[in-house]
Amino acid sequence: MGDTIVAVATAWAPAAIGVVRLSGPEAKHIVEKLWKGPSLRPRLAQVGYLVDRTGEPLDQAVCTFFPAPKSYTGEDVVEISCHGSLYVLRRVVELCVEQGARLARPGEFTMRAYLNGKLALDQAEAVADLIQAQSARAHRLALSQFRGKYYEKVRQFRQQLVEFLALLELELDFAEEDVEFASRERLRELLRTLLAEIKQLLQSYRAGQAVREGIPIAIVGRPNAGKSTLLNAILQEERAIVSDIPGTTRDTIEERLFLGGYELRLIDTAGLREKPADAVEAEGIRRAQAKLREAFLILYVFDASQESLSAAQKAAQLLLGSIEGLPLLWVANKVDLGAAGPLEGAVAVSAKTKQGLSELESAILERLGEAGLGGEVLLSHLRHYESFVRAQEALEGALGLLEAGGGTELIAEELRAAQHAIGEITGDITPDEVLGVIFSRFCIGK
Ligand SMILES: Nc1nc2c(ncn2[C@@H]2O[C@H](COP(=O)(O)OP(=O)(O)OP(=O)(O)O)[C@@H](O)[C@H]2O)c(=O)[nH]1
Ligand SMILES: [Mg+2]
């Protein structure tokens, strides 16, 4: 590493306080050249003045020195809290550079923390997520990953595999003697447990993705059912055009909204019908159907003054091709006009009078909870997902071989592959590209 890096650690906007951070062997030395105040002592916040080379004061500041290894990066770190003027912050960074520091690259502080063994790789990724978390759930997800509780378990998995593998290798060394060090029964048990856990994780990937990026919820139904009116009612703003002409919404409209700690992406779509009036509407319907497949939850809106729930379900079956396995929530709209038939099993609302809206919101939250979104531990990164898929394939291969009485050499090979895949997640094995991808997601100063 060698060099000393510097960056503004707080947001680049005028604020009461701004923090400039340095990390590296020269951090203390560099700051001392700009510092007029009590000498820097470990982990003690001290007040003084920052001055330029001519001794001209720049700002009053608080400096804190964190000697290696007890610092965020594991190197000598100095944090300078000055007034958060963009001019002052820029000058402080310039002065540090004049004295020999180098501007940090995005994520470089956290990368150093990782390289110095302060953070595991998945924790470093969680730092980026923590900074970017927009909703309470996304924050909780990042924090639980940061605290490493979950990945502790993943490390245990890997440890168990390593131990088994060692026994198998030993057997291979004593191949002529036909000994069995590793109990095949215990190995089978281990593989089954691991596979079950991994399956759960893979399922939670989609959920984790949705929590971090906003949960897609599509509003679909026939033209004129009141979908756009419902979107506006939930958002409490006149976002989408509403009219009594069927086929009003042509393109999909997406708006974000926070509800019960989740960030939702509500997607209003063109009304579905078999005979669109023109090519534009036909394209709108095609897009609606595409949104439907991405959605975590589908609000199927129907005009309850015109049709009963069972009639709406039949219509949906026709319009959507099949409703088998779709995450549908039935919304009976326009109940202010009365009901054409029984509505049990649907949430009754009037987008116009806003009656039933809070029940609808509770129903949405309940469904999200059932879909596993409220759970404590979720897999949230594509990188982890891909590694777990590879681990799964290898473990399934090993289990298959074991059950077919396959040779030790082949089983060991599969276990090696699984162990390698899991090792990539926690950073016990890190090809350089993986590191590059992870740390480029950071902002400068982290
Ligand atoms: N009485 C009553 N009228 C409603 C209600 N919701 C919507 N409407 C009316 O129904 C008509 C259609 O509403 P939209 O929200 O445009 O319907 P849509 O489902 O978005 O229609 P498309 O965009 O054509 O697919 C409008 O005249 C609305 O004012 C409701 O709860 N009660
Ligand atoms: Mg509409």
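Residues numbered from 1 in each chain as written. Chains lettered and ligands numbered in written order. Predicted model: local features only at pLDDT ≥ 70, side-chain atom pairs only at ≥ 80, totals over all residues. Heavy atoms only, no water.

## So, the domain arrangement of the protein chain
1) Next: If you check the domain split of the protein chain, you get domain 1 (5–119), domain 2 (149–209 + 379–439) and domain 3 (213–370).
2) Next: For domain 1 versus domain 3, the separation of C-alpha centres amounts to 53 Å. (Domains from an automatic or database assignment.)

## Some remarks on the packing of aromatic side chains
1) Next: For the structure shown, the criterion picks out one aromatic pair.
2) Next: The ring of phenylalanine 109 has arginine 21 sitting right over it, with the charged end atom 4.5 Å from the ring centre. (Phe/Tyr/Trp six-rings, centres within 6.5 Å; stacked < 30°, edge-to-face > 60°. Lys NZ or Arg CZ within 6 Å of the ring centre and 35° of its normal.)

## Observations concerning the pairing of strand β9 (residues 253–259)
Each regular strand shows side chains that alternate between the opposite faces of the sheet.
1) Next: Examined bridge by bridge, β9 and strand β10 (residues 262–268) share seven bridges and lie antiparallel to one another. Note that in β10 the partner of glutamate 255 across the bridge is leucine 266.
2) Next: Between β9 and β10, which pair antiparallel in sequence order, lie two residues; one of them, glycine 260, sits at a positive phi of approximately 55 degrees. (Pairing = 2+ DSSP bridges. Helix = DSSP H or I, 4+ residues; strand = E, 2+ residues; numbered from the N terminus.)

## With respect to the coordination of the magnesium ion (ligand 2)
In an ideal octahedron of six donors the angles at the metal are 90 or 180 degrees, and in an ideal tetrahedron of four donors they are 109.5 degrees.
1) Next: Around the magnesium ion (ligand 2), the donor atoms from the protein are Ser228 (OG) and Thr249 (OG1), and they sit 2.0 Å away. Here serine 228, found in helix α8 (residues 227–235), pairs with threonine 249, found in the loop between α8 and β9; they are 21 residues apart in sequence, far enough to count as distant.
2) Next: The exposure class of threonine 249 is buried, given its relative accessible area of 12%. (Donors = N, O, S within 2.8 Å, 3.2 Å for Na, K, Ca; no water. Buried < 20%, exposed > 50% of the residue type's maximum accessible area, 1.4 Å probe, protein only.)

## Observations concerning the side chain of aspartate 59
1) Next: Tracing the sequence through the fold places aspartate 59 in strand β5 (residues 57–66).
2) Next: No salt bridge forms around the buried aspartate 59; measuring N to O, its nearest opposite-charge neighbour arginine 91 is 11 Å away.
3) Next: Engagement of the side chain of aspartate 59 in a polar contact is seen with the side chain of histidine 83, the distance being 2.6 Å. (Lys, Arg positive; Asp, Glu negative; His and termini not counted. Salt bridge = Lys/Arg side-chain N within 4 Å of Asp/Glu carboxyl O. Polar contact = N/O pair within 3.5 Å; in protein donor to acceptor, adjacent residues only side chain to side chain.)

## Focus on the site of ligand 1
1) Next: In the vicinity of ligand 1 there are 24 residues, among which Lys227, Thr229, Gly247, Thr249 and Asp336 approach most closely.
2) Next: One nitrogen or oxygen atom from the main chain of asparagine 224 is found 2.9 Å from an oxygen atom belonging to ligand 1.
3) Next: In this structure, an oxygen atom belonging to ligand 1 sits 2.8 Å away from a main-chain N or O atom of threonine 248.
4) Next: Against a free-state accessible area of 650 Å², the protein chains account for coverage of 91% of ligand 1. (Near = heavy atom within 4 Å. Areas by Shrake-Rupley, 256 points an atom, 1.4 Å probe, with all protein chains shown as cover.)

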